[in-house]
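What follows is each chain in one-letter form.
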Amino acid sequence: MIALLPFSLCLLAFNCFALAKFNHFKDVFNKRPTQQQRLVLLSIAWISILLSLLLCVNELQGYGGLQFCGYMTLSALIVMIFYSFLVRLTKLFNLLILVILAMSTLFFGLNGL
Amino acid sequence: MQASNRLLDFPKPAFSMLWQFMQRFNYELAVLSRFFVAIVGGYFFTAVSVSLLSVMVPVSKVDAVLLSVSASILIYALVFIYSFYLQSLKTVWISILLSVAAQFLLLSLMKGWL
Amino acid sequence: MKGSFFRSMTWLHTWVGLLVCWLLYLIFFAGTISFFRDEVSLWNQPSIHNIEQQTDRIGAQKRQIISGVDYLNTQAPNAPNWRITLPEERVPYLTYGYAKPKEPGQRRASFENTRIDPNTMQPLAPFVDTRGGNFFYRLHFDLHYIDVKTARWIVCFASLFMLIALISGIVIHKRIFKDMFVFRANKGSRSWLDVHNLSSVFALPFHLMITYTGIITLIFMIFPYPAQTVYENGIRGFFNDVSPSSPVTESLQGTAPLVPINTVLDQVYTKWPEADITRVIINNPNKAAATIMVLVSPGKTLRDQSPRLIFSGASGELVAQTDDELTGSKALYESLNSMHTGRLAESLLRVLYFLGGIAGCIMIATGCIMWAKRLRERMKKNTQPSWGLKLVEGLNLGTLMGLPLATSAFFLANRLLGKQVDERADKEILAFFLTWLCVFIIAFVKRDKLQWCVMAAINSIACFSVPLVNAITTDGNIFSYLRNEQWALFMFDSLFLAIGLLFLLQTEKLRTALQAKKPTPINTQEQKV
């Protein structure tokens, strides 16, 4: 379960990268994103992906690096499936990510540190 | 793959049949030539540059070999792309032949083969 | 310059891709299966299906080694080589083996192996002769039926072309992050292009890594030159330097009794208290030149060469060992190798590796199909397809539908061939290649949508029959695997059912497409014109 935190951070990052694109933001929220919203989304994306990398490598060095690449691949796949095929479910998906992230942060806080 | 892939920038030779053959298949011959220099030329370039690297890096023998060998494919890939990057096929051939020769010369000097 | 570079990269990407895509599909297909070669070997060998998971695998190793040495000393005290292979996470049985004297003309001595259930320490039921997962592992770089060295050169160059295709693909997919999640359904070759792009991009780090590191695993064959330049005795000199060896001990003459293995093991555990020993190899036992090599698992470190300690068999003292700390270059080389073989990957990472491999197969398959579709779209109306188009379409059908069918045939052969058949392993492999050949023959006769539909249906039936035949011919089945928590076997059977379903979906999709295209009187009129 501790592995869930770096993975959910990765998922959040790719989700934000996707939302920062005009067409995907429009699909979910039915309006164009403002420059500021895009900036916020991109910053969240970059911070969470780097945090994810840091957590992975801190845990298991080289093996962690490999795991990070694996998480990136899986996250990219999941985000890609939602935004290409299940566009109507993306709002729910976004909510789910936040819930998983909150849970895994809690787990991490209670056990990992 | 347009203008500068013509191999035939010299005066018409006596054997007109060969000339006609090369004219007709000019594009295909140019393609083959480019692949040849990329694959074979790239291989020799990599071989000689990686050997040169292994004698030049200031690490132990084992490390030198392992380091050169790990970098070899990167060099090969770059030379391969280079062969398709330049417009002029002539330049590609000349630059690769010259650089291989120069590196081999340098390597022979360093290893005392000359 | 930029426009022209872009176009030359597009041209290059298509050509290097096209020259080797079918071979690359084979390599990726077999390679992806190889990530689970231990599980495949397990499925292929019914006598080891019911071995229970050891409760204390590492703790039992000392005992197993001691009894192994005793056993081998009784069975073959003068064999040239003893090998004790301990159970691992994914390989549940224990092997005690000794080398039989080499026949004239043999390159390597064959082994007499006794396989033991580590829980009861009793010999297992005799193994059937099968290559198991190792067939797919070897297939992806040694190919088959051709000389190994030639095969490896071919695979190396194909992989180089793959690397070039990846690099040129990145260059031409300039909108790599802009268009990342675009998919346009039902638009002919454009849809295939989108799937091609998606499958390439989402697993791009994996593709680049696996291709580059793949060539690195064979690098000393294609570039022995650095070793030859730096070492006087060339590549041999290099190999002697890079692996720990014990030339002094090995040159001693005469006989000497083997030290009690306990003295050796105590030294191992002093150095590495938590050691997970994988193998113990004893060369020239009961001679003065005897060496005892103890290999431990590198665990989750990025090392491909197992850390090992080499002891003199006569005196029990340590004579050689792998480095504790790796230099930068050694670490680089070992990391590259270990990243490709992925031996360090445990369950989650291994599944991710498998996912990457599948993405690679999809990338290559969609590339092949897209090229055939493009050629067809460019074809002028009412002309016959060129031989080039026929070749591409034939190879597509033969490879993309043939390989899965051949794989099912391999596993069916494993279950259906009699246990005592001569050269059984070769016959299973023959079943694989014969099936593939049959699909190729069909593909070269006719390769329309109908043939694709039929092949998809056949594939579906074959996939469903694998777990079925398994249930009939062994005493386990997918439900019993679930009940007894035999996860590897359960996943294997489930995967075949899932893939069978996918083929069924494909059959349905193609069938409806065929029905839609059925000629009506108006259509045939147009075609006649």
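Residues numbered from 1 in each chain as written. Chains lettered and ligands numbered in written order. Predicted model: local features only at pLDDT ≥ 70, side-chain atom pairs only at ≥ 80, totals over all residues.

Undergrad: Which parts of the structure should I look at to understand the nonpolar core?
TA: Nonpolar side chains in soluble globular proteins generally cluster together in the buried interior. Among the nonpolar cores identified, the biggest contains 156 residues, and A:Cys10, C:Leu24, C:Tyr25, C:Ile164, C:Ile364 and C:Cys368 are the most heavily contacted of them. Each of domain 1 (1-45 + 130-243 + 327-378) and domain 3 (383-529) of chain C accounts for three or more of the residues forming this core. Ignoring anything within four residues of it in the chain, the contact list for C:Leu24 reads C:Ala158, C:Met162 and C:Ile364. Formed by 30 residues, the second largest nonpolar core is a distinct cluster that contains C:Leu72, C:Trp82, C:Val268 and C:Met293. (Core = buried A, V, L, I, M, F, W, Y, C linked by C-beta atoms within 7 Å. Buried ≥ 20, exposed ≤ 12 C-beta atoms within 10 Å, placed from the backbone. Domains from an automatic or database assignment. Contact = placed C-beta atoms within 7 Å.)

Undergrad: Can you walk me through the sheet that holds strand β2 (residues 94-99) of chain C in this structure?
TA: Across a sheet, strands are paired by hydrogen bonds formed along the backbone, either parallel or antiparallel in direction. Residue and element names in this part refer to chain C. Spatially, β4-β3-β2-β1-β5-β6-β7-β8 is the arrangement adopted by the eight strands of the open sheet, whose pairing is antiparallel. Edge positions in the sheet fall to β4 (122-123) and β8 (318-321), since each has one partner strand and no second. The sheet strands contacting helix α3 (residues 61-75) are β1 (81-85), β2 and β5 (277-283), and the helix crosses β2 at an angle near 30°. (Pairing = 2+ DSSP bridges. Helix = DSSP H or I, 4+ residues; strand = E, 2+ residues; numbered from the N terminus. Axes fitted to C-alpha atoms, helices over the stretch in contact; angles between N-to-C directions.)

Undergrad: Where do I start with the interface of chain B and chain C in this structure?
TA: Accessible area lost on assembly of the parts is the figure often given for the size of an interface. Each partner contributes to the interface: chain B provides 28 residues, whereas chain C provides 30 residues. Elements represented by at least two residues in the side of chain B that touches chain C include exactly α2 (26-56) and α3 (61-85) of chain B. Considering each element in turn, the side of chain B that touches chain C owes the most residues, 18 residues, to α3(B).

Undergrad: I'm lost on the domain arrangement of chain C in this one. Help?
TA: All names here are of chain C. When cut into domains, chain C gives domain 1 (1-45 + 130-243 + 327-378), domain 2 (53-127 + 244-321) and domain 3 (383-529). Between the C-alpha centres of domain 1 and domain 3 the distance comes to 24 Å. Every contact between the two is made by 19 residues of domain 1 and, on the other side, 16 residues of domain 3. Going through the elements one at a time, α1 (2-34), α2 (37-44) and α14 (347-378) are the ones with two or more residues in the side of domain 1 that touches domain 3.

Undergrad: Please clarify how the packing of α3(C) against helix α12 (residues 261-271) of chain C should be interpreted in this entry.
TA: Helix packing geometry: the angle between the two helix axes and the distance between the axes. All names here are of chain C. Viewed as axis vectors pointing N to C, α3 and α12 meet at an angle of 150°, and their least axial separation amounts to 10 Å. Here α12 runs roughly antiparallel to α3, going by the angle between their axes. As for the relative orientation of α3 and α12, their crossing is right-handed in sense. Across the interface between the two elements, Lys 62, Ile 65, Ile 66 and Val 69 from α3 touch Ile 261, Asn 262 and Leu 265 from α12. (Parallel < 35°, antiparallel > 145°, perpendicular 65-115°, else oblique. Left-handed = near helix turned anticlockwise from the far one by under 90°.)

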